[in-house]
Amino acid sequence: MATTAGEGRSWLVLGGLTIGALAWQAACEPNRGGVDTGVAAATTDLLASVGPLVVLPAFAAFESDVDALAAAVADWQSTLAAGGDGESELVAAQESWVAAMVTWQQLELMQIGPAGSSLSAVGGQDLRDEIYSWPTTNPCRVDQETVAGGYTAPDFFEVSLVNAYGLDALETLLFSGPGNACPNQVDINSSGSWAALGDAGVATARAAYAAALVDGVADTAAQLAGAWDPDGGDFAGKLAMVNVETPYASEQEALNAVFNGLFYLETATKDRKLAVPIGLRDCAAATCPDDVELWASGTSLAAIEGNLIGFQALFTGAEGGGFEERLEAAGHADLAVEINDKTDAALARVRSMDGSLVEILASSPAEAEALHADVKAVADLLKGDLATVMMLEIPSEAAGDND
């Protein structure tokens, strides 16, 4: 069968990557000629950089943002209690929430260890969902709790589902206005309890609820930062394989954990945040704007920008060793350059887009599709070339994803 020039090139590239991976494996296995000291040193540097130079600085920035959010919410609450309309204070709280959310979106790429799922991540404690549980959200449930006042109970966070608290619930409280998201037959509407509060009562209850939720976010953020801190749980040392209590069986397993963090760009940013609302998958209509992340606040594009920034920080290792150095040591510096260039292109695209993703889907869906293509270009290198040349394991949730 004849092949086109493009097909011939793709087979040559794949063959070259496979040969390169086998050559790297031969060089690194002791029974095939000894360890490649350059690759080994680059791997050690990469793992040593993740905690102190990438994750912990991101947590410090997030904790600072949450402190500012707590102060803004307190101002909103006290102004309402004093009889003011609280409008300017609410705007300040909204702005502080956006800042905290965009910083958190960088940390979405760092679901390694404690932040990760206890079902799939080594050392996972499900703490990410305690701060931000999207796509597991329920604005109606938040509105019901606003009326019920359950957030005042000491055990609220222990007995409630994650969709009743965290940054996503805070979005509902700060951006929903006087109405609620529940159908008419739900108790707060059918019983008249929501209407009985009045606009002022709703605002007062939402401010009090928001104050409780910010405290919860701050507590979990401190718990996560402490888990990584060398003076705390020292997960940074565990990932770097210098802590004798490390849960990782090898540096390769630890490296896979970091790679899995990067894979958020594929499974969440590309597939859930863009492909679904654009209508490229799991959408029965031309587009599905109701599935846009953070649609109430209109910050979905800022969240995607945060994801790309977090991806770049984890990929490069910030000021330390990263995948760039690891690829260079293995003779694939060109791949690192390509990944960085395509990430920069995706960042440039999202920063150039005006309006919210919901608005863009209505007015210019092709613009959203172009952003998806840019993110896909990075993700394809991640699950193709990078996984091959570094012999990394693609996460199970993405193993069958061929788009």
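Predicted model, so just to flag it, every value in this text is computed and none were measured. (Residues numbered from 1 in each chain as written. Predicted model: local features only at pLDDT ≥ 70, side-chain atom pairs only at ≥ 80, totals over all residues. Heavy atoms only, no water.)

Engineer: Explain the nonpolar core residue by residue, including any values.
Structural biologist: Membership of the largest hydrophobic core comes to 100 residues, with the highest contact counts inside it found for Phe 62, Ile 112, Leu 167, Trp 228, Phe 323 and Leu 386. Among the elements that make up this core, the one with the highest residue count is helix H2 (residues 37-81) (15 residues). Dropping the residues within four chain positions of it, Phe 62 is found in contact with Ala 100, Thr 103, Trp 104, Leu 107, Ile 131, Leu 167, Val 217 and Ala 221. (Core = buried A, V, L, I, M, F, W, Y, C linked by side-chain atoms within 4.5 Å. Buried < 20%, exposed > 50% of the residue type's maximum accessible area, 1.4 Å probe, protein only. Helix = DSSP H or I, 4+ residues; strand = E, 2+ residues; numbered from the N terminus. Contact = heavy atoms within 4.5 Å.)

Engineer: Give me the environment of Gln 77: which residues, what numbers.
Structural biologist: Tracing the backbone through its elements, the reader meets Gln 77 in helix H2. For Gln 77, a relative accessible area of 31% gives the class partly exposed. In this structure the C-alpha to C-alpha distance between Gln 77 and Ala 203, which are 126 residues apart in sequence, comes to 8.7 Å.

Engineer: Tell me about the packing of helix H3 (residues 87-107) against helix H13 (residues 300-316), and please be specific about residues and values.
Structural biologist: Packing of H3 against H13 brings their axes to within 7 Å, and their N-to-C directions diverge by 40°. Taken together, the axes of H3 and H13 are oblique relative to one another. As for the relative orientation of H3 and H13, their crossing is right-handed in sense. Facing Val 102, Gln 105 and Gln 106 of H3, the residues of H13 in contact are Ala 302, Ala 303, Gly 306, Asn 307, Ile 309 and Gly 310. By residue class, the composition of the contact of H3 with H13 is 4 nonpolar, 5 polar and no charged. (Axes fitted to C-alpha atoms, helices over the stretch in contact; angles between N-to-C directions. Parallel < 35°, antiparallel > 145°, perpendicular 65-115°, else oblique. Left-handed = near helix turned anticlockwise from the far one by under 90°. Nonpolar A, V, L, I, M, F, W, Y, C, P; charged D, E, K, R; others polar.)

Engineer: Explain the packing of aromatic side chains residue by residue, including any values.
Structural biologist: Tallied over the entire structure, the rule returns 12 aromatic pairs. Ring centres 6.3 Å apart and planes at 70° place the aromatic pair Phe 156 and Tyr 165 in the edge-to-face group. There is no split in this pair, since Phe 156 and Tyr 165 are both buried. Judged by its relative accessible area of 3%, Tyr 165 is buried. Chaining the aromatic ring pairs together yields one cluster made of Tyr 151, Phe 156, Phe 157, Tyr 165 and Tyr 209. (Phe/Tyr/Trp six-rings, centres within 6.5 Å; stacked < 30°, edge-to-face > 60°.)

Engineer: How would you explain unusual backbone geometry if you had to name every residue and give the values?
Structural biologist: In this structure, the amide linkage connecting Trp 134 to the following residue, Pro 135, adopts the cis form with an omega of 10°. Mapped onto the elements of the fold, Pro 135 is located in the loop between helix H4 (127-131) and helix H5 (139-148). At Met 241, a position not held by glycine, the phi torsion is positive, near 65°. Tracing the backbone shows Met 241 in the loop between helix H10 (235-239) and helix H11 (251-262). The phi torsion at Ala 318 lies on the positive side, around 55°, for a residue other than glycine. The topology assignment puts Ala 318 in the loop between H13 and helix H14 (323-329).

Engineer: How would you summarise the confidence of the model for the protein if you had to cite specific residues and measurements?
Structural biologist: Confidence in the prediction of the protein, expressed as mean pLDDT, is 91, and 90% of residues score 70 or more. Contacts for the low-pLDDT stretch residues 1-35, under 50 throughout, to residues beyond four places or in other chains number 25 contacts. (pLDDT = per-residue confidence, 0-100.)

Engineer: Summarise the environment of Met 391; cite the residues concerned and give the values.
Structural biologist: If you trace the backbone, Met 391 turns up in the segment after helix H17 (365-389). When the C-alpha atoms of Met 391 and Asn 256 are compared, they prove to be 9.1 Å apart, with 135 residues separating the residues in sequence.

Engineer: I'd love a proper account of the state of the cysteines, names of residues and values included.
Structural biologist: Considering all chains together, one arrives at 2 disulfides under this definition. Two residues share a disulfide in this structure: Cys 140 and Cys 182, whose sulfurs sit 2.0 Å from each other. The S-S bond linking Cys 140 to Cys 182 shows a torsion near 110°; that makes this disulfide right-handed. In this pair, Cys 140 sits in helix H5 while Cys 182 sits in the loop between helix H7 (167-175) and helix H8 (187-190), placing the two residues 42 residues apart along the sequence. (Disulfide = S-S within 2.5 Å.)

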